[in-house]
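Given next are the chains, with one letter for each unit.
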Amino acid sequence: MDGCIARIFALRTKPMKIPFAACALAALSCLTPLLPAQQTPESFTIDATTPAPPAETGFLHLGGVSPSQGPLAVNSRYLTLDGKPLLPVMGEFQFSRFPEKYWQEELLKMKAGGVSIVAAYVFWIHHEEIEDQFDWAGRRDLRHFVELCAQNGLYVYLRIGPWDHGEARNGGFPDWLVKKNIPLRRNDPEYLKYVARYYDQIGGQIHGLLWQNGGPIIGVQLENEYGATGPGAGSEHIAELRRLALAAGIDPPLFSVTGWPTRNFPPHEFIPFFGGYPDTFWQSSITTEPPNQVYLFATDRAVGDMGAMTAGKQAGAFDLRHYPYFTTEQGGGMETSYHRRPLIQPDDIAALTLTGLGSGINLYGYYIFQGGANPAGKLTTLQESTTTGYPNDLPVISYDFQAPLGEYGQERESFRKIKSLHLFLQSFGPELARMAPYAPSRRPKDAADLSMARMMLRANGDSGFLFVNNYVRAYSMPERHGFQVHVKLSSGTIALPRKPIDLPASSYFIWPVNLNLGAGTLRYSTAQLLSRLDSAGEHTYFFFAVPGLRTEFAFDAASVASVRATSGRVTHANGSILVANPAPGKDTLLRVRGRNGRSARIVLLTEPEAENFWRVPVGGKDTALLSPAQVFAAGDGVHLRSFDPSHITASIFAPGGKDATRSLWRQRDWKIARRKIDFQWVTIRQAAARPALRMGTVKGRSHPMPIAPDNADFAKAAAWSLTVPAQPMTGLSDIFVRLHYAGDVARLSENGRLLDDDFYNGRTWEIGLKRFLPQAFGKKLEVEVLPLPGNALIYLDPTARAQLNPQGQTAKVMSVEVLPQYEVVLRPSAPR
């Protein structure tokens, strides 16, 4: 650059002055290498003319029959229920990390978010912390939790260890077991004696609740992250655990293990489950991770720390062709450890979900979906820590995980983004399950190759869905010009779209290909399919416009007679009926009339409307509802919750009918007075100078790591008292405290009892008070923030580090809010 400036200056200062235009040309030639290169059109081809092999049956000796729901079976590609393909969403909810009083409403929130299977670790240390003293009461009541799942129409997948991990103390092993100094996680007779006793307890808890009893338990995972080899280990040990489980009456249709790259399980009796995360709190790096492979479409299941699965990649790996692509640990967020504190964005989770589905996942399992908090231990605290020989320090109480549903049940933005994908699966999962993945002829060479958009087609015959991802966590993915995909099918080639389109930066979406509407075929759409609602013999298809993407629908004129649109231009070209640039909005309607005499509706929503879209029962019928509130259906009606009373509103889909108006939706609004909750916030002490962070040698680490502070360190913490006076709770579901702070570790205590804690990572700390009420009303709650040196060897997101004093230490609270969460119930009989 300096040479460029010197050259221009020399031209203008020569004895015979050079014209200004020549100087400008010289400047342009100098600066051209510094400007971004003009992108060439992004054209891709996907060949899906070769049919996928039929699903293999008979290899897996799994499945079972429910007296009420019929046979549940599995083949090499997908699950079937009563002979029909099933593509479910599974979400982890660790019941012992959540107060049992609120299990019901959290399960209903999960169901409203599109989850149909609830996965749950059963942590041995939570139930037998003291040897031979089992505790299955309160928040540890496994049977009650499973019964609630059944009552709410949810399936259950238990993960019973005996070693779980889950960032629990000793990975879930009780201290007394660890101290016996016997070989663990292998066929040692004494170890197996204790495992058998533990499994017998679990078997007693779930007696009568298995699938074959008419119960909700469809599967059980044994062990976790298991890679041990040698005599009495590996496949021998997993087979023995299965024998002990069966002897204890634990006999589900499905058994599974973690999909790690060793042949460590009996091949016919288990399914390996996989997973991948947007970031990793357990890595020792204190810098931003390189581009993550979870944002690449791939069928080899080699993603995250649960990957490298193919036989060609590691000796002894199993043959993936026999096993469906099921996951149990696709990141729903990411926990913060003391040394590494990722700040997860909503798009990090949604783009990961979309990419996984496009790669062929046919059971999508999140870890975690519902955040939680460690229960109080009888002898020790129950979090993973370096003091017990594990490689990470975790918060003592909080296990929020930045999950779609937080530690206090609060809904995060990621919840709504992935709900849009779950709604799609609810309507179209059976078709998608049958569809095999087909890759484009041109693909990124690896995860770090950001030079092109990523995509995968899932197709079966002449229909399918095109998954496109132009998003990578923490890295800029630019706008792509001239984007077009040529999909080769047995019936011919379809250009998606018919003319190249500009792909927005950091976008991700799904396009349908040859979608059967019942009233003809939709060749493609550049809007994303959301859901389908069937009523009065007519299908209504809900789509939403992808922001920044030109919206276009192309219908097959051979099967569709006419299309009428309330917005956009309708034209005919090359055997298609085209609707171009319809303006999205909840009243934008396309009426499709098929040559078979049938009709269908298409409603085109905006993306925010799609995120506010819910499937709920109203007036005894399943229907669609738009609301910015948190919504879930219970026995007494549809609950709507929000911190903003103006968001307690509902638009109920109700086309036609004797009182039909111009709108497709009936509006319901509630007049709710906004309440201000007064509180007292008093400074107790300022932070004292803190020595450098303690460093320690940690198992599995090649260099010293920062170690979490102990109780004595909090003598240096800044401290405040928070007092919330007694409040009437009528019309409220909770009261939340929001603390926007910066520092190292924050703690909330009452009279010396630790209620919660948080490792600072830049997000606002949210605390729901109702689990502490009414006792906490009028009490002085103490908030402490330990100072963090600006040069601490801890990974923080750049936005979080920007809040720190780089030359000193930081322990500050920037703002405090105490907010009521309002609630109303839309009664089942209320049609207005």
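Please refer to the structure placed before this passage.
Numbers given for residues are sequential positions, taken from 1 along each chain in its written order. Restriction of local features to residues with pLDDT of at least 70 applies here, the model being predicted, together with a cutoff of 80 or more for giving and counting side-chain atom pairs; totals for whole chains, interfaces and linings are based on all residues. For side-chain calculations, the full set of non-hydrogen atoms in the structure is used, while hydrogens and water are omitted.

K.L.:
Help me out: how do you make sense of the sheet that holds strand 37 (residues 665-669) in this one?
P.N.:
By definition, the strands of a sheet pair up through backbone hydrogen bonds, in either a parallel or an antiparallel sense. Two strands qualify as a pair provided that DSSP identifies no fewer than 2 bridges between them. Secondary structure elements follow DSSP: runs of H or I no shorter than four residues count as helices, runs of E no shorter than two count as strands, and numbering proceeds from the N terminus. Strand order in the open sheet formed by four strands is 32-33-36-37, with antiparallel pairing between adjacent strands. Unpaired on one side and paired on the other, strand 32 (613-618) and strand 37 mark the two borders of the sheet. For this sheet, the mean inter-axis angle between neighbouring strands, taken without regard to orientation, is 35 degrees. Sheet topology places strand 32 next to strand 33 (residues 621-626); six bridges connect them, and they run antiparallel. If you follow V616 over to strand 33, its bridge partner there is T623. Axis definition: a line fitted to C-alpha atoms, over the contacting stretch in the case of helices. Angles run 0 to 180 degrees between N-to-C directions.

K.L.:
Sorry, what's going on with the sheet that holds strand 27 (residues 560-565) here?
P.N.:
Spatially, 24-25-31-30-27 is the arrangement adopted by the five strands of the open sheet, whose pairing is mixed. Edge positions in the sheet fall to strand 24 (528-535) and strand 27, since each of these pairs with one other strand and no more. Adjacent strand axes in the sheet meet at a mean angle of 20 degrees when their direction is disregarded. As paired elements, strand 30 (residues 589-594) and strand 31 (residues 599-605) share five bridges and run antiparallel to each other. In the strand pairing of strand 31, L590 is matched with I602. Contacts from helix 10 (residues 413-433) reach strand 24 and strand 25 (538-544), with the element oriented near 65 degrees to strand 24. Residues count as neighbours in contact if any of their non-hydrogen atoms are within 4.5 Å of one another.

K.L.:
Please clarify how the environment of I672 should be interpreted in this entry.
P.N.:
Mapped onto the fold, I672 is located in the loop between strand 37 and strand 38 (680-685). Placed 61 residues apart in sequence, I672 and S733 show a C-alpha to C-alpha distance of 14 Å. Residues in contact with I672, not counting those within four places in the same chain, are P645, I648, Y822 and V824.

K.L.:
So what exactly am I meant to see when it comes to the pattern of salt bridges here?
P.N.:
Close approach of charged atoms allows side chains with opposite charge to pair. Salt bridges are defined by distance alone: a side-chain nitrogen of Lys or Arg within 4 Å of a carboxyl oxygen of Asp or Glu. The final tally for this structure, using the stated rule, is 42 salt bridges. Taking the shortest distance from any N to any O, the salt bridge between R473 and D348 comes out at 2.7 Å. With R473 in the loop between strand 19 (463-469) and strand 20 (480-489) and D348 in helix 9 (residues 346-358), this residue pair connects regions lying 125 residues apart in the sequence. In this structure, E538 engages R591 in a salt bridge whose closest nitrogen and oxygen atoms are separated by 3.0 Å. Of this pair, E538 sits in strand 25 while R591 sits in strand 30, placing them 53 residues apart in sequence. The class for E538 is buried, based on a relative accessible area of 10%. Each residue is assigned to one of three classes by its accessible area relative to the maximum for its type, calculated with a 1.4 Å probe on protein chains only: buried under 20%, partly exposed between the two thresholds, exposed over 50%.

K.L.:
Can you walk me through helix 5 (residues 142-151) in this structure?
P.N.:
It helps to recall that an α-helix has 3.6 residues per turn; residues three or four apart then point in one direction. Among all positions in helix 5, only L142, F145, V146, L148 and C149 are buried. For helix 5, the arc enclosing every buried residue in end-on projection is 155 degrees, short of the 170-degree limit, so these residues lie on one face. On its buried face, helix 5 is in contact with strand 6 (89-93), helix 3 (103-112), strand 7 (117-121), strand 8 (155-159), helix 7 (189-205) and strand 9 (217-221). Here the arc refers to the set of directions running from the helix axis out to each C-beta atom.

K.L.:
Would you take a moment to explain the packing of aromatic side chains for this structure?
P.N.:
In this description, an aromatic ring pair is defined by two values, namely the gap between the centres and the angle between the planes. Working definition: rings of Phe, Tyr and Trp (its six-membered ring) pair if their centres are within 6.5 Å, and the pair is stacked with planes under 30 degrees apart, edge-to-face with planes over 60 apart, and tilted otherwise. Within this structure, the stated rule accounts for 49 aromatic pairs. Their ring planes at 40 degrees and their centres at 6.2 Å tell us that Y198 and Y199 sit as a pair that is tilted. Between F643 and F736 the ring centres are 5.2 Å apart and the planes differ by 90 degrees, which places this aromatic pair in the edge-to-face class. With F643 in the loop between strand 35 (637-642) and strand 36 (649-653) and F736 in strand 42 (residues 732-742), the pair connects residues that are 93 residues apart, well separated along the chain. A relative accessible area of 25% means that F643 is categorised as partly exposed. According to the relative accessible area criterion, F736 is buried, its value standing at 1%. Linked through ring pairs, Y121, F123, Y277, F281, W282, Y367, Y399 and F401 together constitute an aromatic cluster. Here the basic side chain of K419 rests over the ring of W614, its NZ or CZ set 4.2 Å away from the ring centre. The rule is short: NZ of Lys or CZ of Arg within 6 Å of the ring centre and within 35 degrees of the ring normal puts a charge over the ring.

K.L.:
Could you clarify how one ought to interpret the nonpolar core in this entry?
P.N.:
Side chains of nonpolar character tend, in soluble globular proteins, to be buried together. Think of a nonpolar core as a cluster: buried Ala, Val, Leu, Ile, Met, Phe, Trp, Tyr and Cys residues, connected wherever their side-chain atoms sit within 4.5 Å. With 206 residues, the main nonpolar core has Y199 and F555 as its most contacted residues. When residues in this core are grouped by element, the largest group, eight residues, is from helix 10. Membership of the second largest hydrophobic core comes to 28 residues, among which are Y438, V485, I494 and L549.

K.L.:
Would you take a moment to explain unusual backbone geometry for this structure?
P.N.:
Phi is mostly negative for residues that are not glycine, and the peptide bonds are mostly trans. Cis geometry marks the peptide bond from L496 to P497, where omega comes out at -15 degrees. When you line up the elements, P497 lands in strand 21 (residues 492-503). Residue P774 is reached from L773 by a cis peptide bond, and omega for that bond is 5 degrees. For P774, the position within the fold is in the loop between strand 45 (765-768) and strand 46 (780-785). Backbone geometry places Q402, a non-glycine residue, at a positive phi of 55 degrees. Along the polypeptide, Q402 turns up in the loop between strand 16 (398-399) and helix 10. For Q402, a relative accessible area of 8% gives the class buried. For N574, which is not glycine, the phi dihedral falls at a positive 50 degrees. Tracing the chain through its elements places N574 in the loop between strand 28 (569-573) and strand 29 (576-580).

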